[in-house]
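One letter stands for each residue in the lines below.
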Amino acid sequence: MHGSVDERRIIRKSSCDQIIKMVSPTAAAAVNLFAFFLLSFCSAASVEAYDNPFVQCLHQELSSLTDISEILYIPHMANYTRLLQVRLQNPRFNTSTTPKPVYIVGPRNESQIPAAVICAKNHGLQIRTRSGGHDYEGLSYVAEEPFVVVDLINLRSVTVDTEDYTAWVQAGAVLGEVYYKIAEKSRIHGFPAGFCPTVGSGGLISGGGIGSMMRKYGTSADNVIDARLVDSNGRILDRKSMGEDLFWAIRGGGAASFGVVLAWKIKLVDVPPVVTVFNVSRTLEDGATEAVSKWQLVGDKCDENLFIRLRVQAVDAAEGKRTVVASFDSLFLGSAKELLTEIKQCFPELGLKPEDCTELSWIESTMFMAGYPSGSPPEVLLNRLPPMGSFAFKGKTDFVTKPISETGLEGIWNILLDNVTAFLQWDTMGGTMNEIPESATPFPHRKGNLYNILYYVDLQKEESKGLDWIRRLYRYMTPYVSKSPRAAYLNYRDLDLGVNGRKPSYLRSSAWGLKYFKGNFRRLALVKGKVDKHNFFRNEQSIPPL
(Lines give C-alpha, C1' and ligand atoms only; values in the text may rest on other atoms or scores of the structure.)
Protein backbone atom coordinates (compact mmCIF):
# COMPACT_ATOMS: atom_id res chain seq x y z
CA MET A 1 0.00 0.00 0.00
CA HIS A 2 2.90 2.39 0.63
CA GLY A 3 5.30 1.64 -2.23
CA SER A 4 8.89 0.54 -2.36
CA VAL A 5 11.62 2.40 -0.49
CA ASP A 6 12.84 4.00 -3.74
CA GLU A 7 9.36 5.09 -4.74
CA ARG A 8 8.67 6.68 -1.38
CA ARG A 9 11.96 8.53 -1.48
CA ILE A 10 11.02 10.12 -4.78
CA ILE A 11 8.71 12.58 -3.07
CA ARG A 12 11.34 13.61 -0.52
CA LYS A 13 12.91 16.85 -1.64
CA SER A 14 16.29 16.01 -0.21
CA SER A 15 16.41 12.78 -2.22
CA CYS A 16 15.40 14.56 -5.41
CA ASP A 17 18.07 17.20 -4.88
CA GLN A 18 20.72 14.52 -4.48
CA ILE A 19 19.61 12.73 -7.66
CA ILE A 20 19.66 15.94 -9.67
CA LYS A 21 23.21 16.67 -8.49
CA MET A 22 24.39 13.12 -9.26
CA VAL A 23 22.76 12.77 -12.69
CA SER A 24 22.98 15.63 -15.17
CA PRO A 25 20.72 15.62 -18.26
CA THR A 26 23.75 15.38 -20.57
CA ALA A 27 24.93 12.26 -18.77
CA ALA A 28 21.53 10.57 -18.88
CA ALA A 29 22.53 8.07 -21.52
CA ALA A 30 25.38 6.86 -19.37
CA VAL A 31 23.30 6.02 -16.36
CA ASN A 32 20.82 3.24 -15.95
CA LEU A 33 17.23 3.68 -16.99
CA PHE A 34 15.88 3.70 -13.46
CA ALA A 35 18.14 6.57 -12.43
CA PHE A 36 17.02 8.51 -15.49
CA PHE A 37 13.41 7.90 -14.48
CA LEU A 38 14.15 9.29 -11.04
CA LEU A 39 15.76 12.35 -12.55
CA SER A 40 12.82 12.96 -14.87
CA PHE A 41 10.35 12.51 -12.05
CA CYS A 42 12.17 14.83 -9.69
CA SER A 43 12.51 17.52 -12.34
CA ALA A 44 8.77 17.49 -12.99
CA ALA A 45 7.36 16.64 -9.61
CA SER A 46 9.60 18.24 -7.01
CA VAL A 47 8.51 21.77 -7.80
CA GLU A 48 4.82 20.86 -7.73
CA ALA A 49 5.09 18.62 -4.68
CA TYR A 50 7.43 20.63 -2.50
CA ASP A 51 6.73 24.22 -3.42
CA ASN A 52 3.09 23.56 -2.59
CA PRO A 53 2.12 25.44 0.60
CA PHE A 54 0.09 22.49 1.92
CA VAL A 55 3.07 20.13 1.77
CA GLN A 56 5.42 22.70 3.27
CA CYS A 57 2.93 23.26 6.06
CA LEU A 58 2.57 19.53 6.64
CA HIS A 59 6.34 19.12 6.84
CA GLN A 60 6.58 21.98 9.31
CA GLU A 61 3.72 20.80 11.51
CA LEU A 62 5.01 17.24 11.69
CA SER A 63 8.65 18.36 12.19
CA SER A 64 11.63 16.14 11.48
CA LEU A 65 10.19 13.29 13.53
CA THR A 66 7.93 12.26 10.64
CA ASP A 67 9.03 11.41 7.12
CA ILE A 68 6.08 12.72 5.14
CA SER A 69 6.93 10.38 2.28
CA GLU A 70 5.53 7.63 4.54
CA ILE A 71 2.07 9.23 4.71
CA LEU A 72 1.71 11.55 1.70
CA TYR A 73 0.56 10.38 -1.74
CA ILE A 74 0.68 12.59 -4.83
CA PRO A 75 -1.02 11.98 -8.19
CA HIS A 76 2.26 11.11 -9.96
CA MET A 77 2.77 8.04 -7.78
CA ALA A 78 1.38 4.63 -8.70
CA ASN A 79 0.47 4.10 -5.06
CA TYR A 80 -1.68 7.24 -5.11
CA THR A 81 -4.04 5.62 -7.61
CA ARG A 82 -3.85 2.26 -5.87
CA LEU A 83 -4.74 3.72 -2.48
CA LEU A 84 -7.50 5.89 -3.93
CA GLN A 85 -9.16 3.00 -5.73
CA VAL A 86 -8.60 -0.05 -3.54
CA ARG A 87 -11.41 0.83 -1.14
CA LEU A 88 -13.53 2.87 -3.50
CA GLN A 89 -16.62 0.73 -3.06
CA ASN A 90 -18.83 2.39 -5.67
CA PRO A 91 -17.06 2.39 -9.08
CA ARG A 92 -19.70 4.84 -10.26
CA PHE A 93 -17.35 7.47 -8.82
CA ASN A 94 -14.19 6.11 -10.41
CA THR A 95 -14.26 7.67 -13.87
CA SER A 96 -11.79 9.86 -15.70
CA THR A 97 -14.03 12.88 -15.03
CA THR A 98 -14.51 12.20 -11.32
CA PRO A 99 -12.71 14.91 -9.29
CA LYS A 100 -9.58 13.51 -7.63
CA PRO A 101 -7.90 14.65 -4.42
CA VAL A 102 -4.92 16.98 -4.65
CA TYR A 103 -3.24 14.74 -2.08
CA ILE A 104 -4.04 11.65 -0.04
CA VAL A 105 -2.79 11.56 3.53
CA GLY A 106 -2.56 8.07 5.00
CA PRO A 107 -1.56 8.69 8.63
CA ARG A 108 0.30 5.98 10.52
CA ASN A 109 -0.82 7.27 13.90
CA GLU A 110 -3.50 9.57 15.28
CA SER A 111 -1.06 12.37 16.12
CA GLN A 112 -0.44 13.00 12.40
CA ILE A 113 -4.05 13.90 11.59
CA PRO A 114 -4.20 17.34 13.27
CA ALA A 115 -1.43 18.53 10.94
CA ALA A 116 -3.47 17.51 7.87
CA VAL A 117 -6.51 19.36 9.22
CA ILE A 118 -4.57 22.52 10.13
CA CYS A 119 -2.70 22.66 6.82
CA ALA A 120 -5.80 22.02 4.71
CA LYS A 121 -7.68 24.71 6.58
CA ASN A 122 -4.83 27.23 6.28
CA HIS A 123 -4.40 26.67 2.54
CA GLY A 124 -7.95 26.48 1.23
CA LEU A 125 -8.36 22.73 0.82
CA GLN A 126 -11.33 20.66 1.91
CA ILE A 127 -10.91 17.52 4.00
CA ARG A 128 -12.68 14.30 3.07
CA THR A 129 -12.26 11.47 5.57
CA ARG A 130 -12.45 7.83 4.48
CA SER A 131 -12.67 4.95 6.91
CA GLY A 132 -14.13 2.22 4.69
CA GLY A 133 -15.16 3.78 1.39
CA HIS A 134 -18.78 2.63 1.44
CA ASP A 135 -20.33 6.09 1.27
CA TYR A 136 -23.22 5.58 -1.18
CA GLU A 137 -22.60 8.92 -2.92
CA GLY A 138 -18.79 8.83 -2.72
CA LEU A 139 -18.56 11.87 -0.46
CA SER A 140 -15.64 10.40 1.47
CA TYR A 141 -13.40 10.59 -1.60
CA VAL A 142 -15.01 13.02 -4.08
CA ALA A 143 -15.46 16.81 -3.90
CA GLU A 144 -16.06 19.62 -6.37
CA GLU A 145 -13.56 21.94 -4.66
CA PRO A 146 -9.82 21.18 -4.25
CA PHE A 147 -9.56 18.62 -1.48
CA VAL A 148 -7.37 16.24 0.49
CA VAL A 149 -8.46 12.73 1.43
CA VAL A 150 -7.46 11.60 4.90
CA ASP A 151 -7.53 7.83 4.54
CA LEU A 152 -7.64 5.98 7.85
CA ILE A 153 -6.68 2.59 6.45
CA ASN A 154 -3.69 2.34 8.81
CA LEU A 155 -5.69 3.28 11.94
CA ARG A 156 -7.38 -0.05 12.51
CA SER A 157 -6.50 -1.28 15.98
CA VAL A 158 -9.21 -2.91 18.12
CA THR A 159 -8.45 -3.24 21.83
CA VAL A 160 -10.97 -5.42 23.66
CA ASP A 161 -11.55 -5.52 27.42
CA THR A 162 -14.13 -8.22 28.11
CA GLU A 163 -14.01 -7.70 31.88
CA ASP A 164 -14.97 -4.06 31.44
CA TYR A 165 -17.35 -4.88 28.55
CA THR A 166 -15.67 -2.24 26.36
CA ALA A 167 -13.40 -1.92 23.34
CA TRP A 168 -11.50 0.96 21.75
CA VAL A 169 -11.96 0.78 17.99
CA GLN A 170 -9.97 3.00 15.67
CA ALA A 171 -12.06 4.55 12.91
CA GLY A 172 -10.24 2.74 10.08
CA ALA A 173 -11.10 -0.72 11.44
CA VAL A 174 -13.82 -2.38 9.35
CA LEU A 175 -16.69 -4.18 11.04
CA GLY A 176 -15.28 -7.60 10.20
CA GLU A 177 -12.11 -6.74 12.11
CA VAL A 178 -14.18 -5.52 15.07
CA TYR A 179 -16.26 -8.70 15.14
CA TYR A 180 -13.17 -10.91 14.78
CA LYS A 181 -11.22 -9.19 17.56
CA ILE A 182 -14.17 -9.42 19.95
CA ALA A 183 -14.71 -13.12 19.20
CA GLU A 184 -10.99 -13.75 19.62
CA LYS A 185 -11.41 -12.80 23.26
CA SER A 186 -14.82 -14.24 24.01
CA ARG A 187 -17.69 -16.31 22.62
CA ILE A 188 -20.24 -14.50 24.81
CA HIS A 189 -19.52 -10.89 23.88
CA GLY A 190 -20.61 -9.06 20.74
CA PHE A 191 -21.38 -5.64 19.32
CA PRO A 192 -24.55 -4.50 17.50
CA ALA A 193 -23.51 -3.13 14.12
CA GLY A 194 -24.11 -3.55 10.39
CA PHE A 195 -24.25 -6.53 8.05
CA CYS A 196 -21.39 -5.73 5.67
CA PRO A 197 -18.02 -6.63 7.24
CA THR A 198 -16.00 -4.27 5.02
CA VAL A 199 -17.78 -1.08 6.15
CA GLY A 200 -15.52 1.22 8.16
CA SER A 201 -16.51 1.60 11.81
CA GLY A 202 -15.76 5.32 11.69
CA GLY A 203 -18.51 6.05 9.18
CA LEU A 204 -21.03 3.42 10.18
CA ILE A 205 -21.22 4.43 13.84
CA SER A 206 -21.27 8.13 13.04
CA GLY A 207 -24.41 7.55 10.92
CA GLY A 208 -26.24 5.41 13.50
CA GLY A 209 -25.53 1.78 12.63
CA ILE A 210 -28.53 -0.54 12.23
CA GLY A 211 -28.05 -4.30 12.19
CA SER A 212 -29.25 -7.71 13.27
CA MET A 213 -29.06 -7.03 17.02
CA MET A 214 -30.69 -3.59 17.06
CA ARG A 215 -34.02 -5.01 18.27
CA LYS A 216 -32.19 -6.24 21.38
CA TYR A 217 -29.52 -3.58 21.94
CA GLY A 218 -30.29 -0.56 19.74
CA THR A 219 -28.02 0.96 17.12
CA SER A 220 -24.23 1.01 17.12
CA ALA A 221 -24.31 4.69 18.12
CA ASP A 222 -26.46 3.82 21.13
CA ASN A 223 -23.57 1.69 22.39
CA VAL A 224 -20.74 4.25 22.20
CA ILE A 225 -19.45 5.60 25.52
CA ASP A 226 -16.46 7.70 24.45
CA ALA A 227 -14.71 8.92 21.31
CA ARG A 228 -11.59 10.72 20.09
CA LEU A 229 -12.07 13.44 17.48
CA VAL A 230 -9.91 16.03 15.72
CA ASP A 231 -11.84 19.30 15.50
CA SER A 232 -11.45 22.17 13.01
CA ASN A 233 -8.73 23.72 15.16
CA GLY A 234 -6.64 20.57 15.06
CA ARG A 235 -7.30 19.62 18.66
CA ILE A 236 -7.69 15.97 19.67
CA LEU A 237 -10.75 15.80 21.93
CA ASP A 238 -12.37 13.06 23.97
CA ARG A 239 -15.87 12.98 25.39
CA LYS A 240 -14.96 15.10 28.38
CA SER A 241 -13.08 17.79 26.44
CA MET A 242 -15.50 17.95 23.49
CA GLY A 243 -18.58 18.23 25.72
CA GLU A 244 -21.86 16.37 25.65
CA ASP A 245 -23.40 18.36 22.78
CA LEU A 246 -20.66 17.43 20.31
CA PHE A 247 -20.47 13.88 21.66
CA TRP A 248 -24.22 13.60 21.03
CA ALA A 249 -23.91 15.01 17.50
CA ILE A 250 -21.23 12.65 16.21
CA ARG A 251 -23.12 9.51 17.28
CA GLY A 252 -25.61 9.39 14.43
CA GLY A 253 -25.39 12.90 13.02
CA GLY A 254 -22.56 12.22 10.61
CA ALA A 255 -19.23 12.93 12.27
CA ALA A 256 -17.72 14.24 9.00
CA SER A 257 -19.69 17.47 9.59
CA PHE A 258 -17.85 18.08 12.84
CA GLY A 259 -14.33 16.70 12.56
CA VAL A 260 -12.29 13.58 11.98
CA VAL A 261 -13.24 10.69 14.27
CA LEU A 262 -10.13 8.82 15.35
CA ALA A 263 -11.65 6.11 17.52
CA TRP A 264 -14.77 4.98 19.32
CA LYS A 265 -15.02 3.42 22.75
CA ILE A 266 -17.84 0.95 22.37
CA LYS A 267 -19.90 -0.97 24.90
CA LEU A 268 -19.91 -4.72 24.34
CA VAL A 269 -23.12 -6.71 24.74
CA ASP A 270 -23.99 -10.22 25.85
CA VAL A 271 -24.52 -12.90 23.23
CA PRO A 272 -25.29 -16.56 24.00
CA PRO A 273 -22.67 -19.22 23.19
CA VAL A 274 -25.08 -20.58 20.57
CA VAL A 275 -27.28 -18.51 18.27
CA THR A 276 -29.52 -19.71 15.45
CA VAL A 277 -29.89 -18.55 11.87
CA PHE A 278 -32.14 -19.49 8.99
CA ASN A 279 -32.91 -18.58 5.40
CA VAL A 280 -36.35 -19.35 3.99
CA SER A 281 -37.43 -18.22 0.52
CA ARG A 282 -40.81 -17.91 -1.16
CA THR A 283 -41.57 -17.13 -4.81
CA LEU A 284 -44.74 -15.44 -5.97
CA GLU A 285 -46.03 -18.87 -6.92
CA ASP A 286 -45.23 -20.18 -3.40
CA GLY A 287 -47.09 -17.43 -1.57
CA ALA A 288 -44.44 -14.71 -1.26
CA THR A 289 -47.02 -11.90 -1.16
CA GLU A 290 -48.95 -13.48 1.71
CA ALA A 291 -45.74 -14.20 3.65
CA VAL A 292 -44.50 -10.63 3.27
CA SER A 293 -47.91 -9.28 4.32
CA LYS A 294 -47.81 -11.32 7.51
CA TRP A 295 -44.13 -10.41 8.20
CA GLN A 296 -45.11 -6.74 8.14
CA LEU A 297 -47.67 -7.35 10.87
CA VAL A 298 -45.49 -9.34 13.26
CA GLY A 299 -41.80 -8.68 12.52
CA ASP A 300 -41.50 -5.72 14.89
CA LYS A 301 -43.58 -7.45 17.59
CA CYS A 302 -41.76 -10.80 17.89
CA ASP A 303 -39.36 -11.40 20.77
CA GLU A 304 -36.53 -8.83 20.76
CA ASN A 305 -34.01 -11.68 20.45
CA LEU A 306 -35.40 -12.39 16.97
CA PHE A 307 -34.43 -10.35 13.93
CA ILE A 308 -35.87 -11.23 10.51
CA ARG A 309 -34.54 -9.43 7.46
CA LEU A 310 -36.42 -9.60 4.17
CA ARG A 311 -34.66 -9.43 0.81
CA VAL A 312 -36.79 -9.18 -2.33
CA GLN A 313 -35.58 -9.44 -5.91
CA ALA A 314 -36.65 -10.62 -9.36
CA VAL A 315 -35.01 -13.75 -10.76
CA ASP A 316 -35.24 -15.82 -13.95
CA ALA A 317 -37.60 -18.76 -13.68
CA ALA A 318 -38.59 -21.62 -15.94
CA GLU A 319 -39.45 -21.16 -19.60
CA GLY A 320 -37.86 -17.72 -19.82
CA LYS A 321 -40.23 -16.19 -17.31
CA ARG A 322 -39.26 -14.05 -14.34
CA THR A 323 -40.61 -14.18 -10.83
CA VAL A 324 -40.05 -12.43 -7.51
CA VAL A 325 -38.33 -14.17 -4.61
CA ALA A 326 -38.76 -13.06 -1.01
CA SER A 327 -35.96 -14.38 1.22
CA PHE A 328 -36.28 -14.26 5.00
CA ASP A 329 -32.86 -14.20 6.73
CA SER A 330 -32.86 -14.38 10.49
CA LEU A 331 -30.65 -14.17 13.55
CA PHE A 332 -32.04 -15.47 16.83
CA LEU A 333 -30.08 -15.01 20.05
CA GLY A 334 -30.83 -18.47 21.36
CA SER A 335 -31.12 -22.13 20.44
CA ALA A 336 -32.98 -23.63 17.49
CA LYS A 337 -35.55 -25.15 19.86
CA GLU A 338 -36.28 -21.75 21.38
CA LEU A 339 -36.47 -20.18 17.92
CA LEU A 340 -38.99 -22.71 16.64
CA THR A 341 -41.17 -22.07 19.68
CA GLU A 342 -41.05 -18.31 19.10
CA ILE A 343 -41.77 -18.58 15.37
CA LYS A 344 -44.70 -20.89 16.05
CA GLN A 345 -46.19 -18.18 18.25
CA CYS A 346 -45.45 -15.02 16.26
CA PHE A 347 -45.01 -16.09 12.61
CA PRO A 348 -46.37 -19.62 11.99
CA GLU A 349 -47.23 -18.66 8.38
CA LEU A 350 -43.52 -18.83 7.55
CA GLY A 351 -43.65 -22.60 7.94
CA LEU A 352 -40.21 -22.80 9.56
CA LYS A 353 -38.91 -26.35 10.02
CA PRO A 354 -36.12 -27.72 12.22
CA GLU A 355 -34.01 -28.51 9.17
CA ASP A 356 -34.17 -24.83 8.15
CA CYS A 357 -32.34 -23.81 11.34
CA THR A 358 -28.59 -23.79 11.92
CA GLU A 359 -26.97 -23.26 15.31
CA LEU A 360 -23.74 -21.24 15.22
CA SER A 361 -21.52 -19.06 17.32
CA TRP A 362 -22.20 -15.33 17.17
CA ILE A 363 -19.10 -14.68 15.04
CA GLU A 364 -20.27 -17.32 12.55
CA SER A 365 -23.67 -15.66 12.41
CA THR A 366 -22.08 -12.38 11.29
CA MET A 367 -20.60 -14.25 8.33
CA PHE A 368 -23.98 -15.85 7.56
CA MET A 369 -25.73 -12.46 7.55
CA ALA A 370 -22.97 -11.08 5.31
CA GLY A 371 -23.50 -13.83 2.74
CA TYR A 372 -20.22 -15.74 3.13
CA PRO A 373 -20.37 -19.42 2.09
CA SER A 374 -21.14 -21.90 4.84
CA GLY A 375 -17.99 -23.17 6.54
CA SER A 376 -15.92 -20.06 5.81
CA PRO A 377 -13.25 -19.50 8.48
CA PRO A 378 -13.62 -16.40 10.68
CA GLU A 379 -10.42 -15.02 9.14
CA VAL A 380 -12.42 -13.98 6.05
CA LEU A 381 -13.69 -11.13 8.20
CA LEU A 382 -10.20 -9.63 8.15
CA ASN A 383 -10.42 -9.13 4.38
CA ARG A 384 -11.15 -5.45 3.81
CA LEU A 385 -12.53 -5.98 0.29
CA PRO A 386 -16.26 -6.78 -0.15
CA PRO A 387 -16.98 -10.53 -0.50
CA MET A 388 -19.11 -9.95 -3.59
CA GLY A 389 -16.83 -7.38 -5.23
CA SER A 390 -17.62 -3.74 -6.01
CA PHE A 391 -20.29 -2.69 -8.49
CA ALA A 392 -21.52 0.70 -9.63
CA PHE A 393 -24.85 1.25 -7.88
CA LYS A 394 -27.45 3.69 -6.62
CA GLY A 395 -29.25 3.35 -3.30
CA LYS A 396 -32.28 5.00 -1.73
CA THR A 397 -34.09 4.36 1.51
CA ASP A 398 -37.42 4.64 3.33
CA PHE A 399 -38.99 3.89 6.70
CA VAL A 400 -42.40 2.22 6.85
CA THR A 401 -44.85 2.91 9.68
CA LYS A 402 -47.95 1.07 8.41
CA PRO A 403 -48.18 -2.30 6.61
CA ILE A 404 -48.32 -2.06 2.82
CA SER A 405 -51.44 -3.64 1.35
CA GLU A 406 -51.18 -6.69 -0.87
CA THR A 407 -52.20 -4.50 -3.81
CA GLY A 408 -49.32 -2.15 -2.96
CA LEU A 409 -46.91 -5.08 -2.72
CA GLU A 410 -48.00 -6.40 -6.10
CA GLY A 411 -47.19 -2.99 -7.58
CA ILE A 412 -43.67 -3.28 -6.15
CA TRP A 413 -43.28 -6.75 -7.64
CA ASN A 414 -44.33 -5.46 -11.08
CA ILE A 415 -41.64 -2.76 -10.97
CA LEU A 416 -39.05 -5.32 -9.82
CA LEU A 417 -39.88 -7.52 -12.78
CA ASP A 418 -38.50 -4.87 -15.13
CA ASN A 419 -35.26 -5.93 -16.76
CA VAL A 420 -32.85 -4.47 -14.21
CA THR A 421 -30.54 -5.96 -11.59
CA ALA A 422 -31.88 -4.74 -8.28
CA PHE A 423 -33.07 -5.78 -4.85
CA LEU A 424 -34.94 -4.43 -1.85
CA GLN A 425 -33.73 -5.08 1.70
CA TRP A 426 -36.25 -4.70 4.52
CA ASP A 427 -34.88 -4.60 8.08
CA THR A 428 -37.44 -5.14 10.80
CA MET A 429 -37.37 -2.82 13.80
CA GLY A 430 -39.35 -2.69 17.06
CA GLY A 431 -38.17 -4.20 20.33
CA THR A 432 -35.67 -2.01 22.16
CA MET A 433 -35.78 0.50 19.28
CA ASN A 434 -39.28 1.45 20.50
CA GLU A 435 -37.97 2.22 23.97
CA ILE A 436 -35.13 4.60 23.09
CA PRO A 437 -36.21 8.26 22.74
CA GLU A 438 -35.85 9.87 19.30
CA SER A 439 -33.59 12.51 20.82
CA ALA A 440 -31.20 10.07 22.53
CA THR A 441 -28.88 10.36 19.52
CA PRO A 442 -29.34 12.21 16.19
CA PHE A 443 -30.64 8.92 14.69
CA PRO A 444 -34.40 9.47 15.25
CA HIS A 445 -36.00 6.43 13.60
CA ARG A 446 -37.34 4.71 16.68
CA LYS A 447 -40.85 4.03 17.94
CA GLY A 448 -43.52 3.64 15.29
CA ASN A 449 -41.28 2.30 12.52
CA LEU A 450 -42.08 -1.22 11.38
CA TYR A 451 -39.01 -1.55 9.18
CA ASN A 452 -36.48 0.23 7.00
CA ILE A 453 -36.24 -0.39 3.24
CA LEU A 454 -33.08 -0.11 1.16
CA TYR A 455 -33.62 0.14 -2.59
CA TYR A 456 -30.52 -0.91 -4.53
CA VAL A 457 -29.92 -1.01 -8.27
CA ASP A 458 -26.83 -2.17 -10.17
CA LEU A 459 -25.72 0.49 -12.68
CA GLN A 460 -23.04 -1.51 -14.49
CA LYS A 461 -24.98 -2.19 -17.68
CA GLU A 462 -26.90 1.01 -18.28
CA GLU A 463 -26.60 3.78 -15.68
CA SER A 464 -29.37 6.04 -16.98
CA LYS A 465 -31.88 3.18 -17.12
CA GLY A 466 -31.00 2.07 -13.60
CA LEU A 467 -31.32 5.59 -12.20
CA ASP A 468 -34.69 6.08 -13.91
CA TRP A 469 -35.85 2.74 -12.52
CA ILE A 470 -34.95 3.39 -8.88
CA ARG A 471 -36.42 6.90 -8.95
CA ARG A 472 -39.64 5.53 -10.43
CA LEU A 473 -39.83 2.93 -7.66
CA TYR A 474 -39.18 5.63 -5.05
CA ARG A 475 -42.05 7.74 -6.45
CA TYR A 476 -44.33 4.70 -6.45
CA MET A 477 -43.60 4.10 -2.76
CA THR A 478 -44.69 7.58 -1.69
CA PRO A 479 -48.17 6.59 -0.35
CA TYR A 480 -46.82 3.60 1.55
CA VAL A 481 -43.96 5.05 3.59
CA SER A 482 -43.38 7.58 6.38
CA LYS A 483 -44.63 11.13 5.90
CA SER A 484 -44.00 14.64 7.25
CA PRO A 485 -41.15 14.13 6.77
CA ARG A 486 -40.57 11.17 4.50
CA ALA A 487 -37.69 9.71 6.53
CA ALA A 488 -34.33 8.42 5.27
CA TYR A 489 -31.28 6.75 6.81
CA LEU A 490 -28.04 8.71 6.69
CA ASN A 491 -25.85 5.66 6.11
CA TYR A 492 -27.77 5.05 2.87
CA ARG A 493 -26.98 8.58 1.76
CA ASP A 494 -28.99 9.90 -1.18
CA LEU A 495 -28.17 13.21 -2.88
CA ASP A 496 -31.53 13.11 -4.69
CA LEU A 497 -32.98 14.40 -1.41
CA GLY A 498 -31.17 17.73 -1.80
CA VAL A 499 -27.71 19.26 -1.50
CA ASN A 500 -26.12 22.28 0.10
CA GLY A 501 -25.33 25.26 -2.07
CA ARG A 502 -22.09 27.22 -2.12
CA LYS A 503 -23.35 29.06 0.95
CA PRO A 504 -25.33 26.50 2.95
CA SER A 505 -28.38 27.72 4.79
CA TYR A 506 -30.37 25.96 7.45
CA LEU A 507 -33.58 26.46 5.47
CA ARG A 508 -32.18 24.95 2.25
CA SER A 509 -30.46 22.08 4.06
CA SER A 510 -33.70 21.24 5.86
CA ALA A 511 -34.93 19.69 2.59
CA TRP A 512 -32.71 16.68 3.26
CA GLY A 513 -31.80 17.25 6.91
CA LEU A 514 -35.30 16.73 8.29
CA LYS A 515 -35.55 13.43 6.40
CA TYR A 516 -32.40 12.05 8.01
CA PHE A 517 -32.76 13.59 11.47
CA LYS A 518 -36.35 14.82 11.90
CA GLY A 519 -36.56 17.08 14.98
CA ASN A 520 -32.88 16.52 15.81
CA PHE A 521 -31.74 18.51 12.75
CA ARG A 522 -32.00 21.90 14.42
CA ARG A 523 -29.94 20.76 17.41
CA LEU A 524 -27.29 19.38 15.07
CA ALA A 525 -27.10 22.73 13.27
CA LEU A 526 -26.73 24.56 16.60
CA VAL A 527 -23.89 22.25 17.62
CA LYS A 528 -22.25 22.83 14.23
CA GLY A 529 -22.49 26.58 14.69
CA LYS A 530 -20.82 26.25 18.05
CA VAL A 531 -17.89 23.99 17.14
CA ASP A 532 -17.30 24.78 13.42
CA LYS A 533 -18.98 28.11 12.75
CA HIS A 534 -16.86 28.77 9.64
CA ASN A 535 -18.03 25.45 8.16
CA PHE A 536 -14.60 23.99 7.45
CA PHE A 537 -15.84 20.39 7.60
CA ARG A 538 -18.39 20.39 4.80
CA ASN A 539 -19.77 18.34 1.95
CA GLU A 540 -22.88 18.27 -0.21
CA GLN A 541 -24.97 17.10 2.75
CA SER A 542 -23.04 18.33 5.77
CA ILE A 543 -24.80 19.95 8.70
CA PRO A 544 -25.02 23.75 8.18
CA PRO A 545 -23.87 26.01 11.04
CA LEU A 546 -26.80 27.72 12.73
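In case you missed it, the structure is sitting above this.
Asker: Describe the side chain of His445, with residues and values.
Answerer: Along the chain, His445 turns up in the loop between β17 (422-428) and β18 (451-458). A polar contact of 3.0 Å, which involves the side chain of His445, links it to the backbone oxygen of Ala488. A polar contact is formed between the side chain of His445 and the backbone oxygen of Tyr516, at a distance of 3.1 Å. Aside from chain neighbours lying at most four places away, what touches His445 is Phe399, Met429, Met433, Ala487, Ala488, Tyr489, Lys515, Tyr516 and Lys518.

Asker: If you had to explain the nonpolar core to someone new, which residues and values would you point to?
Answerer: The tendency in soluble globular proteins is for nonpolar side chains to be buried side by side. Membership of the largest hydrophobic core comes to 148 residues, with the highest contact counts inside it found for Phe54, Ile266, Phe328, Ile412 and Trp426. A total of six residues in this core trace back to one element, the largest contributor, which is helix α6 (residues 113-122). In this structure, Phe195, Met214, Leu454 and Tyr489 belong to the second largest nonpolar core, which totals 17 residues.

Asker: Which residues make up empty space enclosed by the protein, and what values do they have?
Answerer: Scanning the entire structure with this criterion turns up three cavities of 30 Å³ or more. Estimates place the volume of the largest cavity at around 100 Å³. In terms of lining residues, the largest cavity is bounded by 13 residues, among which Tyr179, Ala193, Gly194, Ser212 and Thr366 are the most central. No other element matches helix α14 (residues 362-370), which puts four residues into the lining of the largest cavity. Taken together, the residues that form the lining of the largest cavity break down as nine nonpolar, four polar and no charged. Each pocket or cavity is described by its volume, and for the second largest cavity that value is around 40 Å³. In terms of lining, the second largest cavity is formed by Ser212, Met213, Met214, Arg215, Lys216, Glu304, Asn305, Leu306, Phe307, Leu331 and Leu333. For the lining of the second largest cavity, the secondary-structure elements that each account for two or more residues are α9 (214-217) and β13 (306-316). Per element, the largest residue contribution to the lining of the second largest cavity is three residues, and it comes from α9. Looking at the lining of the second largest cavity residue by residue, the class counts come to six nonpolar, two polar and three charged.

Asker: Could you give an account of unusual backbone geometry, naming the residues involved and the relevant values?
Answerer: Of note, the amide linkage connecting Ser484 to Pro485 takes the cis form, showing an omega dihedral of 5°. With respect to the helices and strands, Pro485 occurs in the loop between α16 (463-476) and α17 (506-517). Non-glycine residue Ser484 carries a positive phi angle of around 50°. Counting through the fold element by element, Ser484 comes out in the loop between α16 and α17. Relative accessible area serves as the criterion here: at 78%, Ser484 is assigned to the exposed category. Of note in the backbone geometry, Lys518 takes a positive phi value of approximately 50° without being a glycine.

Parameters at a glance
- Residues numbered from 1 in each chain as written.
- Predicted model: local features only at pLDDT ≥ 70, side-chain atom pairs only at ≥ 80, totals over all residues.
- Heavy atoms only, no water.
- Helix = DSSP H or I, 4+ residues; strand = E, 2+ residues; numbered from the N terminus.
- Polar contact = N/O pair within 3.5 Å; in protein donor to acceptor, adjacent residues only side chain to side chain.
- Contact = heavy atoms within 4.5 Å.
- Core = buried A, V, L, I, M, F, W, Y, C linked by side-chain atoms within 4.5 Å.
- Buried < 20%, exposed > 50% of the residue type's maximum accessible area, 1.4 Å probe, protein only.
- 1 Å grid on protein atoms, 1.4 Å probe; cavity = no way out; pocket = protein on both sides within 12 Å on 5 of 7 lines; lining within 4 Å.
- Points joined across faces, edges and corners; volume = space filled by probe spheres on them.
- Nonpolar A, V, L, I, M, F, W, Y, C, P; charged D, E, K, R; others polar.

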